[in-house]
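Now for the letters of each chain:
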Amino acid sequence: MSVVVDPGRAEVRGPAQAIRALLDGTEEPGPPLLAAGLRAARSPLVRFRVTGLPQALEALADAHAAVLVLPVEDGGTALRACTPSGLLGLLVRAVGLCPRPRARPAEPILVAADAMAALVNERSAAHAGLDEAQETLLGEHLDALVAHWRIEVHGPDGGWYVEVLDGERGLWTVEDAPDRRLALTPSGATAVLDEIAALPGHVGLGPPA
Amino acid sequence: MATYRFDPLGIVETEPVVLDDGSTLHELVHELRAPGASRAGVSVRADPGPEASVAALGPDELLIDVEPAELAGAPAVRTLVLVQLGGVATVVLEQWRLDAGGRRWTATATGDLALWPRLAPGLRAVIATLEVEP
């Protein structure tokens, strides 16, 4: 069982078992960026996980390089090596961040954390216990919802996340709030990008904001 | 000749370098520089005539944001584009475009995405002080 190296993409792919064997070993095939990515994957300082996409994505990083772990055809796995900024760019592309209108007013709406799943699945704010104006505003956003994604990162200084309700009518961030509630706040793509770029710094990797 | 001025705020160099496309780039001051795929800083460009349209993006470029803004006392359009150099680097181009004095002005804040949390507030603050003269 062997792996295939794509030097141009700094990527190695193969059956999951062969990729696991590669990571358990010390071999560094391919260009310097792939070698650096494999070192990061073998001793990661930080782990990223993206959910809400058709397939969850994972990435492993140290201070110098990272690998994005991608499922490929036939149950195989690809490891795509990248620099820290290359990884952030690939994550932004993966979640499809793009221009959206700004919802006004940009005030947070608080919902019970255990109501969130139903709110998204049913695309309705009718049972979230909101006042009429909030229910209308959030309901209109949910009607045009495109994606609900979350990037989590865990590192030496703990964990952090960026979670977004992405819709044709705007981007809303989802953040923990006191009393087991979540704050849903209209935002903009630049602010979301700034938050994604700041993720490594929040967990002890990369420059502080 | 079109001229401009801004307060470098101790963040970018006062003296610019002229780039191939005619833009003037005020690089980050030495003590703030870090390794990266791009020369971080603020660039300014003036072209004759009003803006026709925003240039089409290439396959390695992602348009992240577009919104109306104001700069140098004039209505402007702010865009944010990521340029992806494979997995090697991602460069941020945050641009403000405005028409003033019969010229089309473009002010750009540039930096590596991994350094953006540290760079963006200062570069945006520098651009906010921009003044242009016909």
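Because the structure is predicted, anything quoted here is derived from the model rather than measured.

Asker: So what exactly am I meant to see when it comes to the confidence of the model for chain B here?
Answerer: For any part of a model where pLDDT is low, the fine detail of the predicted coordinates should not be relied upon. Summary statistics for chain B give a mean pLDDT of 90 and a share of 92% for residues scoring 70 or more. Per the prediction output, this complex has pTM 0.93; the corresponding ipTM is 0.92.

Asker: Got a minute to help me understand the interface of chain B and chain A in this structure?
Answerer: A common measure of how large an interface is: the accessible area buried when the components associate. Counting from both sides, the interface comprises 27 residues of chain B and, opposite them, 26 residues of chain A. Here chain B meets chain A over a buried area of about 2,000 Å², counting both sides, of which 58% is carbon and sulfur. By the criterion of area lost to chain A, the three top residues of chain B are Ile 64, Gly 87 and Pro 117 of chain B, representing 27% of everything that side buries. Between chain B and chain A we count 3 salt bridges in total. Across the chain B-chain A interface, the total number found is 13 residue pairs in polar contact (both at pLDDT 80 or more). Listing elements by their share of the side of chain B that touches chain A, those giving two or more residues are strand S5 (61–71), strand S6 (74–85), strand S7 (89–100) and helix H1 (116–128) of chain B.

Asker: Teacher, can you tell me more about the sheet that holds strand S2 (residues 17–18) of chain B here?
Answerer: In a beta sheet, neighbouring strands pair by backbone hydrogen bonds and run either parallel or antiparallel. Residues and elements named next belong to chain B. Across the sheet, 7 strands lie side by side as S2-S3-S4-S8-S7-S6-S5; this open sheet has antiparallel pairing. A strand with exactly one partner marks an edge of an open sheet, and here the two such strands are S2 and S5. As judged from the 10 bridges shared by S5 and S6, these two strands associate in the antiparallel manner. Across the sheet, Asp 65 pairs through a bridge with Leu 80, a residue of S6. Contacts from H1 reach strand S4 (41–48), S5, S6, S7 and strand S8 (103–112), with the element oriented near 160 degrees to S8.

Asker: When you look at the packing of aromatic side chains in this model, what are you seeing that I'm missing?
Answerer: When we look at a pair of aromatic rings, we describe it by the centre distance and by the angle of the planes. Residues and elements named next belong to chain B. For the structure on display, the rule yields 2 aromatic pairs over all chains. Between Tyr 4 and Phe 6, the aromatic rings sit 6.0 Å apart at their centres with planes inclined by 25 degrees, giving stacked as the arrangement. Given the relative accessible area of 15%, Phe 6 is considered buried. For the pair Tyr 4 and Trp 105, a centre-to-centre distance of 6.4 Å together with 75 degrees between the ring planes defines the contact as edge-to-face.

Asker: Help me understand the pattern of salt bridges, please; the structure alone is not making it clear to me.
Answerer: It is possible for side chains bearing opposite charge to pair when their charged atoms get close. Applying the stated criterion to the full structure yields 25 salt bridges over all chains. In this structure, Arg 78 of chain B engages Asp 65 of chain B in a salt bridge whose closest nitrogen and oxygen atoms are separated by 3.0 Å. With Arg 78 of chain B in strand S6 and Asp 65 of chain B in strand S5, this pair connects stretches of sequence that are 13 residues apart. We classify Asp 65 of chain B as buried; its relative accessible area is 0%. Each of Arg 102 and Asp 194 of chain A together with Asp 65, Glu 67, Arg 78, Glu 94 and Arg 124 of chain B takes part in one network of salt bridges that share partners.

Asker: Hey, could you run me through unusual backbone geometry in this one?
Answerer: Excluding glycine, most residues fall at negative phi; most peptide bonds, likewise, are trans. In this model, Asp 179 of chain A sits at a positive phi of 60 degrees, which is unusual for a non-glycine residue. Its location among the elements puts Asp 179 of chain A in the loop between strand S10 (170–177) and strand S11 (181–187). Within the chain, Leu 9 of chain B stands out as a residue other than glycine whose phi angle is a positive 55 degrees. For Leu 9 of chain B, a relative accessible area of 39% translates into the label partly exposed.

Asker: Sorry, what's going on with a nonpolar patch on the surface here?
Answerer: Residues and elements named next belong to chain B. Residues Leu 57, Leu 63, Val 66 and Val 77 make up a contiguous nonpolar surface patch of roughly 270 Å² in combined accessible area. The residue Val 66 is located in strand S5 in this model. On the basis of relative accessibility, which here comes to 37%, the residue Val 66 falls in the partly exposed class.

Asker: Is there a simple way to explain the domain arrangement of chain A in this structure?
Answerer: Residues and elements named next belong to chain A. Here chain A is described as being made up of domain 1 (4–95) and domain 2 (109–202). Taken together, the contact between domain 1 and domain 2 spans 13 residues of the former and 13 residues of the latter. When the area that domain 1 buries against domain 2 is broken down by residue, the three leading residues are Phe 48, Leu 88 and Val 95, summing to 36%. Inspection of the region where domain 1 meets domain 2 yields 0 salt bridges. Our count for the domain 1 to domain 2 interface comes out at 3 residue pairs in polar contact (both at pLDDT 80 or more). For the side of domain 1 that touches domain 2, the elements supplying multiple residues, two or more each, are strand S3 (46–51) and helix H3 (84–95). By residue number, the principal contributor to the side of domain 1 that touches domain 2 is S3, which donates 6 residues.

Asker: Before we go on, may I ask you to explain helix H1 (residues 16–24) of chain A in this structure?
Answerer: One full turn of an α-helix is made of 3.6 residues, so residues set three or four places apart face in the same direction. All names here are of chain A. Of the residues making up H1, those classed as buried are Ala 18, Ile 19, Leu 22 and Leu 23. Buried positions in H1, seen along its axis, are confined to an arc of 140 degrees and lie on one side of it. Away from the buried face of H1 by more than 90 degrees, exposed residues Gln 17 and Asp 24 are located. Tucked into the core, H1 has its buried residues touching strand S2 (11–14), helix H2 (32–42) and strand S6 (77–82).

What counts, and where the lines are drawn
- Residues numbered from 1 in each chain as written.
- Chains lettered and ligands numbered in written order.
- Predicted model: local features only at pLDDT ≥ 70, side-chain atom pairs only at ≥ 80, totals over all residues.
- Heavy atoms only, no water.
- pLDDT = per-residue confidence, 0-100.
- Contact = heavy atoms within 4.5 Å.
- Buried area = accessible area lost by both parts, 1.4 Å probe.
- Salt bridge = Lys/Arg side-chain N within 4 Å of Asp/Glu carboxyl O.
- Polar contact = N/O pair within 3.5 Å; in protein donor to acceptor, adjacent residues only side chain to side chain.
- Helix = DSSP H or I, 4+ residues; strand = E, 2+ residues; numbered from the N terminus.
- Pairing = 2+ DSSP bridges.
- Axes fitted to C-alpha atoms, helices over the stretch in contact; angles between N-to-C directions.
- Phe/Tyr/Trp six-rings, centres within 6.5 Å; stacked < 30°, edge-to-face > 60°.
- Buried < 20%, exposed > 50% of the residue type's maximum accessible area, 1.4 Å probe, protein only.
- Patch = residues over 30% accessible without salt bridge, like charges linked within 9 Å, V, L, I, M, F, W, Y side chains within 5 Å.
- Areas by Shrake-Rupley, 256 points an atom, 1.4 Å probe, with all protein chains shown as cover.
- Domains from an automatic or database assignment.
- Arc of directions from axis to C-beta.

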